[in-house]
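Observations on chain architecture
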Amino acid sequence: MSEIKGLFKNMPKLVIGDLIANLPIVQGGMGVGISLSSLATAVANEGGIGVISAVGIGMDEQDFVKNSREANKRAFRNEIRKAKEQTSGIIGVNIMVAISDYKEIVKVAVEEGADIIFSGAGLPMELPNLVGKKSKTKLVPIVSSARAARIILKRWIEKYDCVPDAFVLEGPMAGGHLGFKKEQIFDSNYSLERLVPEVINEVKKYEIKYNINIPIIVGGGIYSGEDIYKFINMGASGVQMGTRFVATYECDASMEFKQSYIDCKEEDIVIIKSPVGLPGRAIRNKFLDDVKNNLKEPFNCPFKCIRTCDYKKSPYCISLALFNAKKGNLKDGFVFAGQNAYKISELLSVKKLVESLKAEYSLGYN
Ligand SMILES: Cc1cc2nc3c(=O)[nH]c(=O)nc-3n(C[C@H](O)[C@H](O)[C@H](O)COP(=O)(O)O)c2cc1C
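Residues numbered from 1 in each chain as written. Predicted model: local features only at pLDDT ≥ 70, side-chain atom pairs only at ≥ 80, totals over all residues. Heavy atoms only, no water.

Looking at the site of the ligand
Rules: Throughout, the term near means that a residue has one or more heavy atoms lying within 4 Å of the molecule or strand in question. Whenever two N or O atoms come within 3.5 Å, that pair is a polar contact, provided that in protein one can donate a hydrogen and the other can accept it, and provided that, for residues adjacent in sequence, both atoms are side-chain atoms. Side-chain classes follow a simple rule in which Ala, Val, Leu, Ile, Met, Phe, Trp, Tyr, Cys and Pro form the nonpolar group, Asp, Glu, Lys and Arg form the charged group, and the remainder, Gly included, forms the polar group.
By nearness alone, 23 residues border the ligand, and Gly 29, Glu 170, Gly 221, Gln 240 and Thr 243 come closest of all. In this structure, Gly 31 approaches the ligand through a main-chain N or O atom, which is 3.0 Å from a nitrogen atom. A distance of 2.5 Å separates an oxygen atom of the ligand from a polar side-chain atom of Thr 243. Residue composition of the shell around the ligand, grouped by class: ten nonpolar, twelve polar and one charged.

This is how it looks when you write it as structure tokens:
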């Protein structure tokens, strides 16, 4: 079929400094163990940005209980190396500010030449200092408000004489931990559509003042190519998508984990109070029902892996619960998912998913 000029539109490229992604799609980093080298490589090979999630990555290592920090570093290093061997595309990493071994894990990312560090679940105030001026690794904070973007910009300029290479703006419909209060999640004042112009306008002030370009990548509930089209049209330079990439063959989670995406209904997508002190979005199951009904006992934390985790009061270990789910043991765990996970009805290859997003995007133009 020949393309009629002006009627069909291709997705724009996403440019972050000297990195150029042919697709403006960042695969959101997903822990524990959901986005590792397999998924990240598949996305990078299609022209998007593949992202390895660092949180709890060493839990599959034999010595994790005794030596969790070393296990995390080793597993993280291996996954970055594996991904880099399998693609010439762009490989990023996602490192939550709240993890206890943040500094060491950032160091491994830089040593292994990760193309981008995405860092949220807290404000990455010290990140430029940890990475150092000589590194080529791009630094991309994940924020949920214009205020957070402003705080980071001010601090990085004042203290380190630099600015982020891009921002990810994650709205309240995302899966996993959310940067919103419970009552804000379904309040239209905090919708992604509201937040996008606010963040773009805030960042624009700095772009003009310093004559630089800071792309804004937006995510949280983005499902179709039409959604991508809408947000690119609003001024976003790219999108971050998590949920859609879980339902792919290449995703690093177990089949049971993926199957819960296929099986869930809209009413199964719930907001939970996570032990780490943030609300989170997940698929309801017996494990979460038991937590809600106070049927779980407080436990003795062996890892202290998340600084903000109130493990003395928490009825379960979130890292262990997420790791169990990744491995397919949903009796002792649960699945994080975005608000639109219920729309998923089948597994696709990353290639097929990207093809369908491209096709929908081109039609969204009309
Ligand atoms: C299973 C799952 C695990 C996630 N883990 C992380 C994580 O470790 N770090 C992080 O910054 N975001 C995490 N997220 C958020 C995603 O990176 C992404 O921003 C979000 O899922 C986008 O919304 P969507 O799922 O509606 O596309 C997770 C999301 C899901 C669904």
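Focus: empty space enclosed by the protein
Here is the rule we go by: Only protein atoms enter the 1 Å grid used here, on which a cavity is any set of points holding a 1.4 Å probe that cannot leave and a pocket is any open set flanked by protein within 12 Å on both sides along at least five of seven lines; residues with an atom within 4 Å of a point are listed as lining. Grid points are joined across faces, edges and corners, and a volume is the space filled by probe spheres set on the points.
All told, the structure shown has one cavity of 30 Å³ or more when counted by the stated rule. The computed volume of the largest cavity comes to approximately 70 Å³. Every residue lining the largest cavity is listed: Phe 299, Cys 301, Phe 303, Lys 304, Cys 305, Ile 306, Cys 309, Tyr 311, Cys 317, Ile 318 and Ser 319. Looking at the lining of the largest cavity, its residues break down into nine nonpolar, one polar and one charged.

With respect to unusual backbone geometry
To keep things clear, this is the line we draw: Here a strand is any run of E in DSSP of at least two residues, a helix any run of H or I of at least four, and the numbering for each starts at the N terminus.
Between Gly 31 and the following residue, Val 32, the backbone shows a cis peptide bond with an omega angle of -5°. By the secondary structure assignment, Val 32 is in the loop between strand S3 (25-27) and helix H1 (37-45). The residue Ala 121 is not glycine, and still its phi comes out positive at about 55°. Structurally, Ala 121 is set in the loop between strand S6 (116-119) and helix H4 (127-131).

Side note on the packing of aromatic side chains
What counts, and what does not: Here a pair means two rings of Phe, Tyr or Trp (six-membered ring of Trp) with centres within 6.5 Å. Their orientation is stacked below 30 degrees between planes, edge-to-face above 60, and tilted elsewhere. Exposed residues in this analysis have more than 50% of their type's maximum accessible area, buried residues have under 20%, and partly exposed residues fall in between, with area computed by a 1.4 Å probe over protein chains only.
Taken as a whole and judged by the stated rule, the model has seven aromatic pairs. Ring plane angle 25° and centroid distance 6.1 Å describe the contact between Phe 287 and Phe 334, whose orientation is recorded as stacked. A residue pair is termed long-range when its members are at least 10 positions apart, and Phe 287 in helix H10 (residues 286-292) and Phe 334 in the loop between helix H11 (318-327) and strand S14 (335-336) qualify at 47 residues. Since its relative accessible area comes to 6%, Phe 287 is described here as buried.

Looking at the layout of surface pockets
Approximately 630 Å³ is the volume attributed to the second largest pocket. For the second largest pocket, the lining is made up of 22 residues, of which Ile 272, Lys 273, Ser 274, Val 291 and Lys 292 are closest to its centre. Contributions of two or more residues to the lining of the second largest pocket are made by strand S12 (269-273) and H10. A per-class count over the lining of the second largest pocket returns ten nonpolar, four polar and eight charged.

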